[in-house]
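What the coordinates show
What follows is the residue order along each chain.
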Amino acid sequence: MSDGESGGPDERLSYEQARAELASVVERLETGGTSLEESLTLWERGETLAAICQRWLDGARARLDAARQEATD
């Protein structure tokens, strides 16, 4: 399990922080000029950040769904 999935420091990142870092990782990968090892490390970091963003979005969706359900009850 990566830090992002085990309650490590990455879990304290806000959605905006994770998204901004993910954008930076993607930009570095698209620019190229990195070694294979660095590219793999960046890719893995990007996967972790994407998972953090997805958890934030899933949580937001659940909150919206709950609020809608309460409004219709």
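Every chain is numbered independently, its residues counted from 1 as its sequence is written. This being a predicted model, a pLDDT of at least 70 is required before a residue's local features are given, and a value of 80 or more before pairs of side-chain atoms are given or counted; all residues contribute to the totals for chains, interfaces and linings. Side-chain metrics rest on all non-hydrogen atoms present in the structure, leaving aside hydrogens and water.

Turning next to the overall build of the protein. Numbering of helices and strands runs from the N terminus; a helix is a DSSP stretch of H or I covering at least four residues, while a strand is a stretch of E covering at least two. Counting its regular elements, the protein contains two helices and zero strands. Put simply, the radius of gyration uses C-alpha atoms, and a globule should come to 2.2 Å times the residue count raised to 0.38. Against the globule reference of 11 Å for 73 residues, the protein gives a C-alpha radius of gyration of 16 Å, more extended than a compact globule. Across its three principal axes, the protein shows a C-alpha extent of roughly 55 × 25 × 15 Å. A burial count over the protein gives 16% of its 73 residues as buried. Any two residues whose heavy atoms approach within 4.5 Å at even a single point are treated as in contact. Put simply, of all contacts in the protein between residues at least 6 apart along the chain, 62% involve residues at least 24 apart. Looking at the protein as shown, the accessible area adds up to about 5,500 Å², and 53% of this sits on carbon and sulfur atoms. Working convention for charge: Lys and Arg count positive, Asp and Glu count negative, and His plus the chain ends are omitted. By convention, charge coordinates are those of NZ in Lys, CZ in Arg, CG in Asp, or CD in Glu. In the protein, the 8 positive side-chain charges and the 16 negative ones have mean positions that sit 6 Å from each other. In this scheme, a residue with accessible area under 20% of its type's maximum is buried, one over 50% is exposed, and one in between is partly exposed, where area comes from a 1.4 Å probe on protein chains only. Each accessible area is a Shrake-Rupley result for a 1.4 Å probe, and residues are judged covered by the shown protein chains and nothing else.

All right, on to the pattern of salt bridges then. We define a salt bridge as a side-chain nitrogen of Lys or Arg found within 4 Å of a carboxyl oxygen belonging to Asp or Glu. In total, this model carries four salt bridges according to the counting rule given. Note that Glu 21 and Arg 45 form a salt bridge whose closest N and O atoms lie 2.8 Å from each other. Of this pair, Glu 21 sits in helix H1 (residues 15-31) while Arg 45 sits in helix H2 (residues 36-72), placing them 24 residues apart in sequence. Given the relative accessible area of 24%, Arg 45 is considered partly exposed. Residues joined by salt bridges that share partners form a network here, namely Asp 10, Glu 21 and Arg 45.

Multiplying one less than the number of residues by 1.5 Å gives the expected span of a helix. Spanning 37 residues, H2 covers 53 Å between terminal C-alpha atoms, matching the ideal 54 Å at 1.5 Å per step. For H2, the complete set of buried residues consists of Leu 42, Gly 46, Thr 48, Leu 49, Ile 52 and Cys 53.

This part covers the side chain of Asp 10. Examined against the element boundaries, Asp 10 turns out to sit in the segment before H1. For Asp 10, a relative accessible area of 12% translates into the label buried. Pairing of N or O atoms within 3.5 Å defines a polar contact, subject to two protein rules: one partner must be a possible hydrogen donor and the other a possible acceptor, and residues neighboring in sequence count only if both atoms are side-chain atoms. A polar side-chain atom of Asp 10 sits 2.7 Å from a polar atom in the side chain of Arg 45.

The next point concerns the packing of H1 against H2. The interhelical angle for the contact between H1 and H2, taken along N-to-C directions, is 150°, at an axis separation of 9 Å. Looking at the two axes, H1 sits roughly antiparallel to H2. The element H1 and its partner H2 pack so that their crossing is left-handed. In this structure, H1 uses Tyr 15, Ala 18, Arg 19, Glu 21, Leu 22, Val 25, Arg 28 and Leu 29 to contact H2, whose residues at the interface are Glu 38, Ser 39, Leu 42, Trp 43, Arg 45, Gly 46, Leu 49, Ala 50, Ile 52, Cys 53, Trp 56 and Leu 57. Three classes are used: nonpolar for Ala, Val, Leu, Ile, Met, Phe, Trp, Tyr, Cys and Pro, charged for Asp, Glu, Lys and Arg, and polar for all others, with Gly counted as polar. Among the residues making up the contact of H1 with H2, the classes are represented as 13 nonpolar, two polar and five charged. Fitting a line to C-alpha atoms yields each axis, with helices limited to the stretch in contact; the angle taken between N-to-C directions then spans 0 to 180 degrees. Every angle not falling under 35 degrees, over 145, or within 65 to 115 is termed oblique; those three ranges are roughly parallel, roughly antiparallel and roughly perpendicular. Should the near helix be turned anticlockwise from the far one by less than a right angle, the crossing is termed left-handed; should it be turned clockwise, right-handed.

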